[in-house]
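Residues per chain are reported as follows:
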Amino acid sequence: MDLEAVRTFVAVAEAGQFQKAAADLSITQQAVSKRIAALERTLGVRLFTRAPRGAELTIDGQAFLPHARELLRVAERAGASVRPGRRPLRVDVIASRVAPSALMRGFHQAHPEIDLDVVMLFDVETAVGAIRSGAIDASFRAVAMPGHPLPEDVESVRVLDEPHQLLTGPAHALAGARSVTVAQLTGHRIWMPGIAPGTEWAAYYDDLVAEFGLTIEATGPNFGSDALLDTVADTPALATLTTARTRLVWPAGHGLRRIPVTDPTPVYPHSLLWHRDNPHPALAALRAHLAATTAGQDAAGTWAPGWVTPR
């Protein structure tokens, strides 16, 4: 059904005259007549009768009028839902407990007037595909994955180099240390279930192992962070790596230790990705917020030699 014809029908019904409706719509009276005639052919009924005072609705016209108005309201809502700035800014943060999620919480606190839709996609290829299709507006990713350049229409900026920490139970050999060097981790079992092959974080930890000779085990099913913390707390021979801004909560009886890794400090490079033609005004606000709150981070590059203490 032609929405312009429906709009013209409503205008005539409200004005009571073809001539006044034409003036209200800034079209000719002949165009109004043609639109009404086309709509009547589509519906198979007459909508108006000519009267001395103008145009009067027929019984069918009276029945159609409330539905015509609702059609126009629905069309307006549909258009508004995708106009830049009228729909929520949709951002991928990978997971709820990691640094990108905290960055988005900070953005929301600074800009509560901006509607947000936070999603959690799996790997960088899925995220990039969603950015290019318009399913999301931005994604936080490690984009320095070797052999995986970004498409030309996807832009990125490094926003946060996040230091690593060693997480141990109370009986682990390194549990009493105030900090540990990367060299001290050699020979210790670092258990990290959930490192999926082909992901950007798998490539990161592969490089970490190759650079420093660490022993990272990704064996066993990934039952989530709670199961990981339970196991590390109860197993003196196991530790795991986490990042400084990852939010972890465990029972007091676990006695877990978060120990900074130094000399050098491995850092995980978070970047913001977006499509260069994305017009959403809130995207510019997000980029400005990140630039202001994460100032001093390195420009986009590789994570090797990214094994340096961040400034």
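These lines cover the structure that appears in this document, whether it is placed above or below. These numbers were taken from a predicted model, which means no experiment stands behind them.

**Notes on the overall build of the protein**
Okay, step 1: Per the secondary structure count, the protein includes ten helices and twelve strands.
Okay, step 2: Its C-alpha atoms give the protein a radius of gyration of 30 Å, clearly above 19 Å, the size a compact globule of 311 residues would have.
Okay, step 3: In terms of overall dimensions, the protein has C-alpha extents of about 100 × 40 × 35 Å along its principal axes.
Okay, step 4: The buried share among the 311 residues of the protein stands at 41%.
Okay, step 5: Long-range pairs, those at least 24 residues apart, make up 74% of the contacts in the protein between residues at least 6 apart in sequence.
Okay, step 6: Element-wise, carbon and sulfur atoms account for 54% of the exposed surface of the protein, whose accessible area totals about 15800 Å².
Okay, step 7: A distance of 9 Å separates the average location of the 29 positive side-chain charges in the protein from that of its 32 negative side-chain charges.

**Side note on the pattern of salt bridges**
Okay, step 1: Under the defined criterion, the tally for this structure stands at twelve salt bridges.
Okay, step 2: Look at the salt bridges and you will find they share partners, linking Glu 4, Arg 7 and Arg 35 into a network.

**Some thoughts on the packing of helix α1 (residues 3-15) against helix α2 (residues 18-25)**
Okay, step 1: Running from N to C, α1 and α2 cross one another at 125°; their axes reach a closest spacing of 8 Å. With respect to their mutual orientation, α1 and α2 come out oblique. When the axes of α1 and α2 are compared, the crossing they make is right-handed. Contacts from Thr 8, Ala 11, Val 12 and Ala 15 in α1 reach Phe 18, Lys 20, Ala 21, Asp 24 and Leu 25 in α2.

**A word on helix α8 (residues 200-212)**
Okay, step 1: Its 13 residues place the ends of α8 19 Å apart at the C-alpha level, agreeing with the 18 Å of an ideal helix rising 1.5 Å per residue.
Okay, step 2: Those residues of α8 not exposed but buried are Glu 200, Trp 201, Ala 202, Ala 203, Tyr 204, Tyr 205 and Leu 208.
Okay, step 3: Where α8 is buried, its residues touch α6 (124-133), β5 (138-141), β6 (154-168), β9 (215-217), β10 (238-243) and β12 (267-275).
Okay, step 4: Within two residues after α8, Gly 213 carries a phi angle of roughly 70°, on the positive side.

**What to know about the packing of aromatic side chains**
Okay, step 1: Under the definition given, this model contains six aromatic pairs.
Okay, step 2: Ring geometry for Phe 9 and Phe 64: centres 5.2 Å apart, planes at 50°, overall tilted. Taken as a pair, Phe 9 in helix α1 and Phe 64 in helix α4 (residues 59-82) lie far apart in primary sequence, 55 residues in all. Side by side, Phe 9 and Phe 64 carry an identical accessibility label, which is buried.
Okay, step 3: Look at Tyr 204 and Tyr 205: their rings are 5.0 Å apart centre to centre, the planes differ by 90°, and that puts the pair in the edge-to-face class. For the pair Tyr 204 and Tyr 205, one class covers both residues: buried.
Okay, step 4: Following the ring pairs from residue to residue traces out a cluster consisting of Phe 9, Phe 18, Phe 48 and Phe 64.
Okay, step 5: Lying over the aromatic face of Phe 18, Arg 50 brings its terminal NZ or CZ to 4.3 Å of the ring centre.

**Here's the deal with unusual backbone geometry**
Okay, step 1: Of the consecutive residues Asp 263 and Pro 264, the connecting peptide bond is found in the cis state with omega at -10°.
Okay, step 2: Checked against the element boundaries, Pro 264 lands in the loop between β11 (257-262) and β12.
Okay, step 3: The residue Ser 26 is not glycine, and still its phi comes out positive at about 60°.
Okay, step 4: Along the chain, Ser 26 falls in the loop between α2 and α3 (29-43).
Okay, step 5: For Asp 263, which is not glycine, the phi dihedral falls at a positive 55°.
Okay, step 6: Given the relative accessible area of 59%, Asp 263 is considered exposed.

**Some thoughts on the nonpolar core**
Okay, step 1: One finds Leu 166, Val 180, Leu 185, Tyr 205, Leu 241 and Val 261 to be the most contacted residues of the largest nonpolar core, which totals 20 residues.
Okay, step 2: Every element with two or more residues in this core is listed here: α7 (182-185), α8, β10 and β11.
Okay, step 3: Broken down by element, this core gets its largest block of residues, five residues, from α8.
Okay, step 4: For Tyr 205, the residues in contact, after removing those within four places along its chain, are His 164, Met 192, Ile 195, Ile 216 and Leu 241.
Okay, step 5: Counting residues in each nonpolar core, the second largest holds 19 residues, with Phe 18, Ala 21, Ala 22 and Ala 55 among its members.

Scoring rules and cut-offs
- Residues numbered from 1 in each chain as written.
- Predicted model: local features only at pLDDT ≥ 70, side-chain atom pairs only at ≥ 80, totals over all residues.
- Heavy atoms only, no water.
- Helix = DSSP H or I, 4+ residues; strand = E, 2+ residues; numbered from the N terminus.
- Rg over C-alpha atoms; globule rule 2.2 N^0.38 Å.
- Buried < 20%, exposed > 50% of the residue type's maximum accessible area, 1.4 Å probe, protein only.
- Contact = heavy atoms within 4.5 Å.
- Areas by Shrake-Rupley, 256 points an atom, 1.4 Å probe, with all protein chains shown as cover.
- Lys, Arg positive; Asp, Glu negative; His and termini not counted.
- Charge placed at Lys NZ, Arg CZ, Asp CG, Glu CD.
- Salt bridge = Lys/Arg side-chain N within 4 Å of Asp/Glu carboxyl O.
- Axes fitted to C-alpha atoms, helices over the stretch in contact; angles between N-to-C directions.
- Parallel < 35°, antiparallel > 145°, perpendicular 65-115°, else oblique.
- Left-handed = near helix turned anticlockwise from the far one by under 90°.
- Expected span 1.5 Å × (residues − 1).
- Phe/Tyr/Trp six-rings, centres within 6.5 Å; stacked < 30°, edge-to-face > 60°.
- Lys NZ or Arg CZ within 6 Å of the ring centre and 35° of its normal.
- Core = buried A, V, L, I, M, F, W, Y, C linked by side-chain atoms within 4.5 Å.

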